[in-house]
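Residue-level structural notes
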Amino acid sequence: MDINELAISGGNIPDIVRSLIKICNNMKEPSFTAFLPLLRFEGHPYNLKYHFQLEPLYRMNMPRRMVLMTGRQVGKSQGLVSSTVLKSALTPNYHTLICEPQFMQIRQISNITFRNMVAQSYISNYMIGPHCNNSMLIREFTSGSRANFMYIGGGADRARGLAGVRRLILDEADDMEVDVINIVAETMSAVKEGGTYLYTGTPKLTDGTLPYYFNKSSGGEVTIKCEHCNKVNIASIDYDLMKMIGKTTCICAKCGKPLDVRKSYYSFRRPELRASFDGFHISQVTHPLHCTSPVKWREFLGKLQTYSRNQALNELLGEPCDDAVRLITRSDLETATTKQDNNIELALSHKGYYGQRILGVDWGGYGLEGESFTVIARSEERRVGKECRS
């Protein structure tokens, strides 16, 4: 990074920033983590002591797409906000769009997390000025950069008319429709160098939006080599995650001895995709904030006992999980039928054979494309010998 590339307060660069630029230039992979000493949050200096697994968020050379699939309370929100604050303050005319499914989430991340992190920064007077828009939906910087905030639950019409976005952040992406995301992504279409995507959040169902993107990414998993038996522990439910949950901390899946989570690294299912679509999965099991604190670990174990299996996998382990209330597929329905033609005339001619009739209505599609996808389904039940058929 060159000092001439910065535009803080019209080029008036504080000495501390000059020093940090030198540190950044000496990094093997230039990263905005060099500038974290500039930030404070909730009255304390902000750092990655407990959140070093979020380091990929701060890279200066980002891949076209990145997905972060996590459990709850692993520092994800503060990570995406702090990286956006530094990127915006230190890069001229860099425009970011942060999307959430609900308005309340936008208010939380913009009015509380984002605003406080900027206001408490050691160089807040250089980041923002009296002429900068500092509203809930738009945060401007003296560098000419801005961060827009938008909730897109139920549709993407609010994104129409917005252009020049270079970074699109889709937080809690599992509560967003892929079609809606595609429409919002058009805000980056006019950017010559192309924009970057960041999908983040906690997954729910295995066929949800976030697992959909994670399965298309490099698929990074937190990995820890045991210092006692040399077992390489991969913190995924497909590998060793469940066996890594010990009585007092994170343990080796083979020998059961404690693991040093600070020596963890990412291993990738599809490493060839790292340059184009990088993905990272983080659970509370290997997160230092939870597994190095006896109090937090006891809370974690208690939640494992009291949460339902689905809640535990989603909220604590950051793993998608299907449950009994998921929608059935067309093939499920076809398997349960008698394979007769699907028309009203045939149904009416056979109605006398059935003792129970069921009518279901699904108002689908949200009307996003100007048309309704509402479906009416009728099912009748009759007894054939000992077998009940629809």
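1. Concerning the pairing of strand 3 (residues 65-70)
- When you tally the buried positions in strand 3, you get 5 out of 6 residues, the bulk of the element.
- In terms of strand pairing, strand 3 meets strand 8 (residues 196-201) through 5 bridges, oriented parallel. Paired with Leu68 across the strands is Thr200, a residue of strand 8.
- With 6 bridges joining them, strand 3 and strand 12 (residues 277-282) adopt parallel strand pairing. Looking at strand 12, one finds that Thr70 is bridged to Ile282.

2. Focus: the state of the cysteines
- This structure, assessed with the given rule, holds 0 disulfides.
- The thiol of Cys250 is not disulfide-bonded; the next cysteine sulfur, from Cys291, is found 5.5 Å away.

3. A short note on the pattern of salt bridges
- Going through the model one piece at a time under the given rule, you end up with 12 salt bridges.
- Glu172 serves as the salt-bridge partner of Lys76, at 3.1 Å between the closest nitrogen and oxygen. Highlighted residues: Lys76 in helix 2 (residues 76-90) and Glu172 in the loop between strand 7 (167-170) and helix 5 (178-184), separated in sequence by 96 residues. Glu172 carries the same exposure label as Lys76, and that label is buried.
- With a closest N to O distance of 3.7 Å, Lys296 and Glu299 form a salt bridge. Here Lys296 pairs with Glu299, and both are found in helix 8 (residues 294-306), just 3 residues apart, close to one helical turn.
- The exposure class of Glu299 is partly exposed, given its relative accessible area of 38%.

4. Considering the packing of helix 2 against helix 3 (residues 103-119)
- In the contact formed by helix 2 and helix 3, the axes pass within 10 Å of each other and the chain directions differ by 50 degrees. Considered as vectors, helix 2 and helix 3 are oriented oblique to each other. Considering only the axes of helix 2 and helix 3, their crossing is right-handed. Taken together, the residues of helix 3 that come into contact with helix 2 (itself represented by Gln78, Leu80, Val81, Ser82, Thr84 and Val85) are Ile109, Thr113, Phe114, Met117 and Val118.
- Residue composition of the contact of helix 2 with helix 3, grouped by class: 7 nonpolar, 4 polar and no charged.

5. Observations concerning the environment of Gly318
- As for its position among the elements, Gly318 is in the loop between helix 9 (309-316) and helix 10 (330-336).
- The exposure class of Gly318 is buried, given its relative accessible area of 0%.
- Counting along the chain gives 81 residues from Gly318 to Ile237, while the straight-line C-alpha distance between them is 9.7 Å.

6. Topic: the pairing of strand 6 (residues 146-151)
- Note that strand 4 (residues 95-100) and strand 6 share 6 bridges and pair parallel. Within the sheet, the bridge partner assigned to Glu100 lies in strand 6 and is Tyr151.
- Pairing of strand 5 (residues 138-140) with strand 6, which is carried by 3 bridges, proceeds in the antiparallel orientation. The residue bridging Ile138 from the neighbouring strand is Asn148, located in strand 6.
- Hairpin remark: strand 5 followed by strand 6, antiparallel, with 5 residues in the connecting loop; positive phi at Gly144, about 90 degrees.

7. Remarks on the nonpolar core
- Judged by nonpolar contacts, the single largest core of 60 residues is most densely connected at Phe35, Leu39, Tyr46, Val85, Phe114, Met127 and Val285.
- Counting residues per element, this core draws most heavily on helix 2, which supplies 6 residues.
- With sequence-adjacent residues up to four places away left out, Val85 is seen in contact with Leu39, Phe114, Val118, Met127 and Phe141.
- Membership of the second largest hydrophobic core comes to 25 residues, among which are Ala159, Ala173, Met188 and Tyr197.

Calculation notes
- Residues numbered from 1 in each chain as written.
- Predicted model: local features only at pLDDT ≥ 70, side-chain atom pairs only at ≥ 80, totals over all residues.
- Heavy atoms only, no water.
- Buried < 20%, exposed > 50% of the residue type's maximum accessible area, 1.4 Å probe, protein only.
- Helix = DSSP H or I, 4+ residues; strand = E, 2+ residues; numbered from the N terminus.
- Pairing = 2+ DSSP bridges.
- Disulfide = S-S within 2.5 Å.
- Salt bridge = Lys/Arg side-chain N within 4 Å of Asp/Glu carboxyl O.
- Axes fitted to C-alpha atoms, helices over the stretch in contact; angles between N-to-C directions.
- Parallel < 35°, antiparallel > 145°, perpendicular 65-115°, else oblique.
- Left-handed = near helix turned anticlockwise from the far one by under 90°.
- Contact = heavy atoms within 4.5 Å.
- Nonpolar A, V, L, I, M, F, W, Y, C, P; charged D, E, K, R; others polar.
- Core = buried A, V, L, I, M, F, W, Y, C linked by side-chain atoms within 4.5 Å.

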